[in-house]
Amino acid sequence: MKVVRWTLLGLLLFLVALIWQVPASAVLARVQLPPQVQLSGVEGSLWQGSVAKLQLGDIAFDQLQWQAHPWQLLTGKLGVSLHSRPGATRLAASLTLGLGGKLAVENLVMKAPVAPLVANVRLPVPSQVSGELSLAIPEFRLGKPWCEALAGKAQWLDAGVTNRFGDFDLGRIDADLGCDKGALTAVVRDTPPRLGLELEARVDASHYQVRGFAKPAADQPKSLQDAFAFFGKAGSDGRYPVQFKGPIPR
């Protein structure tokens, strides 16, 4: 019986090794990707390979490489590490796909310009934005509608906004990310507190909502302080209520 078990295990490992050596380009050519996802310059195998460019909507990651960890198959999981070439954008993460299709992400690091990410979002005041989004997420587990678990931080670095009220340098805006009953959540503050943001954001299956308060610092331009009248009248503490919501762009 031991001989049979070891023979079957050997055959299984041989088949896995054979499958992993199939060219990645041949496999990906048969996969129907979402229209906003485009790959070019696919090389290597499923075991180890790269794409010259991964296009996600208006964001591109160059020289994305991956390395599979087949020994995790013995635990019923498939593990893959990936990283792109650092530049204007950056992407790195460890992915694990478990039984039942459960996806987990660890040590996700991403950098990308903000403007393309919000191009289709209806802002409370039509604006052009600038700056860079930086994501650092130690843990994420996919769930319904979005998550089963999430811990991490997002930062809007060198944040800038241009609208009918003027051009504004907003410094850095931080968001502590979490998961609540499947919805994505964020607690948002700015550093230094030029806007005095105290916001809570939530993204459920089809809508997003932001609510909280803002209190522009006294040393900010008058045009910026006047812009907050858009949100209504300030309270006795000088804080303006902020609340807006809308459908998630598809």
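The model shown is predicted, which means the values in this text are computed figures rather than measured ones. (Residues numbered from 1 in each chain as written. Predicted model: local features only at pLDDT ≥ 70, side-chain atom pairs only at ≥ 80, totals over all residues. Heavy atoms only, no water.)

Time to look at the overall build of the chain. Looking only at helices and strands, the chain features 3 helices and 13 strands. Over its C-alpha atoms the chain spans a radius of gyration of 23 Å, topping by over 25% the 18 Å that the globule rule assigns to 250 residues. Counting only C-alpha atoms, the chain reaches 80 × 35 × 30 Å along its principal axes. For the chain, the proportion of its 250 residues judged to be buried stands at 30%. At a minimum sequence separation of 6, the contacts of the chain that also span at least 24 residues come to 36%. Of the charged side chains in the chain, 26 are positive and 20 negative; the average position of the first set lies 8 Å away from that of the second. (Helix = DSSP H or I, 4+ residues; strand = E, 2+ residues; numbered from the N terminus. Rg over C-alpha atoms; globule rule 2.2 N^0.38 Å. Buried < 20%, exposed > 50% of the residue type's maximum accessible area, 1.4 Å probe, protein only. Contact = heavy atoms within 4.5 Å. Lys, Arg positive; Asp, Glu negative; His and termini not counted. Charge placed at Lys NZ, Arg CZ, Asp CG, Glu CD.)

Judged from the 10 bridges that link them, strand E8 (residues 147–163) and strand E9 (residues 166–180) form a sheet pairing that is antiparallel. Its bridge partner being in E9, Trp156 is matched across the sheet by Ile173. In the sheet, E9 pairs with strand E10 (residues 183–191) via 9 bridges, with the strands oriented antiparallel. The residue bridging Gly178 from the neighbouring strand is Thr185, located in E10. Two successive antiparallel strands, E9 and E10, enclose a turn made up of 2 residues, where Lys181 displays a positive phi of approximately 55°. (Pairing = 2+ DSSP bridges.)

A few words now on the environment of Arg211. Structurally, the position occupied by Arg211 is in strand E12 (residues 207–214). For Arg211, the residues in contact, after removing those within four places along its chain, are Glu198, Leu199, Glu200, Val242 and Gln243.

Glancing now at the nonpolar core. Formed by 43 residues in total, the largest nonpolar core has its most connected members in Leu91, Met110, Trp156, Leu170 and Ile173. Apart from the residues lying within four places of it in its own chain, the contact partners of Leu170 are Ala159, Val161, Arg194 and Leu195. (Core = buried A, V, L, I, M, F, W, Y, C linked by side-chain atoms within 4.5 Å.)

So, on to the packing of aromatic side chains. Here the structure, examined in full by the defined rule, presents 0 aromatic pairs. The positively charged end of Arg239 is found above the aromatic ring belonging to Phe213, 3.9 Å away from the centroid. (Phe/Tyr/Trp six-rings, centres within 6.5 Å; stacked < 30°, edge-to-face > 60°. Lys NZ or Arg CZ within 6 Å of the ring centre and 35° of its normal.)

The next thing to look at is the side chain of Gln220. Turning to its location among the elements, Gln220 is positioned in the loop between E12 and helix H3 (222–227). Overall, Gln220 belongs to the buried group, its relative accessible area being 14%. If near-sequence neighbours (up to four positions away) are discounted, Gln220 is found in contact with Arg194 and Gln225.

Moving on, we get to the pairing of E8. Every other side chain in a regular strand lies on the same face of the sheet, so the side chains alternate between the two faces. One ladder, built from 12 bridges, connects strand E7 (residues 128–142) with E8; its direction is antiparallel. From the neighbouring strand, Arg141 faces E8, where its bridge partner is Ala149. Between the antiparallel neighbours E7 and E8 lie 4 residues.

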